[in-house]
Amino acid sequence: MTDVSVTTHVFDAAVDLFEVRDDRTEGHTHPAYANMVGPFGGITAATLLRAVERHPDVLGMPLSLTVNYAGPIADGPFDIAVRPVRTNRTTQHWSIELSQGGEVATTATAVFGLRRPTWSSTELQAPAAPAPDSLEPTPLPDFIAWARNYEMRYTAGVVPEEGSAEVADSTSTLWVRDVPSRPLDFASLTAMCDIFYPRAFLRLGRVLPAGTVSMTVYFHADPETVAAQSDSPVLATARANRFEQGFFDQSAQLWGRDGVLLATSHQIVYFKA
């Protein structure tokens, strides 16, 4: 791993990896990003993306990442196998596996590529939202360690208090940024795509067992656009489309400065109710 000093941002410490050699690298879970069971799924996804970014054969920039959370990740070291499956003129396809003790805990695929100037258009529109400074931060419960690393200012769909009434809309919208503040990059943008608490909590007005099974992130911004965001808050919004037989989906959008769409993500989530 790189030399992580006391001045290193906790996010960078959490996604830090050894040098990638022979399509393999190693990392270690970080207590600051612990979830109720294992690490925060967003930090796992960000770590897998970082493994591709650090590979000596990487081409271009992230276009998509799909992470399948196959099993729990225990506190401690882990191994990552990361290899380019095929490299074309414009796109590069990756296979990634995170394992502990010889057992696979997470699988992923990623697509990187070269962006070229073309006609562009965004059909989605960012949700209306007041300025972030006009809203008070609303943190998640303190026992959720990873949430302490984010400043969250909700405009809709705040975390319901236990015993709240059921509601008909699963949408949450919030301004979010790292704490302490940190310039946005693709890894931190990946983690923010998993910032939302389970949509079933909001619909039912109570906490219940739930966990992401698979998440896909689509990156719509180039490195210059991401860098221009700097440490400004990102406007994040998510909703479910259907709850059915123990699973629900989640569709999310993350918007940056001047209403630029940075990323969209989609999840399938297990729940018990």
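Placed above this text is the structure.
Keep in mind that what you see is a predicted model, and the values were worked out from it rather than measured. (Residues numbered from 1 in each chain as written. Predicted model: local features only at pLDDT ≥ 70, side-chain atom pairs only at ≥ 80, totals over all residues. Heavy atoms only, no water.)

A.B. asks: Could you clarify how one ought to interpret unusual backbone geometry in this entry?
C.D. replies: Negative phi characterises most residues that are not glycine, and trans characterises most peptide bonds. Cis geometry is found at the peptide bond from Val179 to Pro180, where omega equals -5°. Among the structural elements, Pro180 can be located in the loop between β7 (172-178) and α3 (186-192). Within the chain, Asp22 stands out as a residue other than glycine whose phi angle is a positive 50°. Residue classification places Asp22 among the exposed positions, given a relative accessible area of 76%. Not every positive phi belongs to a glycine, and Asp23 is a case in point at roughly 65°. Mapped onto the fold, Asp23 is located in the loop between α1 (10-14) and β1 (24-28). (Helix = DSSP H or I, 4+ residues; strand = E, 2+ residues; numbered from the N terminus. Buried < 20%, exposed > 50% of the residue type's maximum accessible area, 1.4 Å probe, protein only.)

A.B. asks: Honestly, the side chain of Asp178 in this entry has me stumped. Any pointers?
C.D. replies: Relative to the helices and strands, Asp178 resides in strand β7. Put simply, Asp178 is tucked away with no salt bridge, and the nearest opposite charge, on Arg182, sits 4.7 Å away. (Lys, Arg positive; Asp, Glu negative; His and termini not counted. Salt bridge = Lys/Arg side-chain N within 4 Å of Asp/Glu carboxyl O.)

A.B. asks: What's the story with empty space enclosed by the protein in this structure? I'm lost.
C.D. replies: For the structure on display, the rule yields two cavities of 30 Å³ or more. Quantified by volume, the largest cavity comes out at close to 80 Å³. For the largest cavity, the full set of lining residues is Ala14, His28, Thr29, His30, Tyr33, Pro39, Ile43, Thr44, Thr47, Ile73, Phe78 and Leu98. Ranked by the residues each element gives to the lining of the largest cavity, the list is headed by helix α2 (residues 41-53), at three residues. Residue composition of the lining of the largest cavity, by class: seven nonpolar, five polar and no charged. Roughly 30 Å³ of volume is contained in the second largest cavity. Every residue along the wall of the second largest cavity is listed here: Val176, Arg177, Asp178, Arg182, Leu184, Met192, Ser230, Ser232 and Val234. Among the elements that take part in the lining of the second largest cavity, β7 stands out by supplying three residues, more than any other. Looking at the lining of the second largest cavity residue by residue, the classes come out as four nonpolar, two polar and three charged. (1 Å grid on protein atoms, 1.4 Å probe; cavity = no way out; pocket = protein on both sides within 12 Å on 5 of 7 lines; lining within 4 Å. Points joined across faces, edges and corners; volume = space filled by probe spheres on them. Nonpolar A, V, L, I, M, F, W, Y, C, P; charged D, E, K, R; others polar.)

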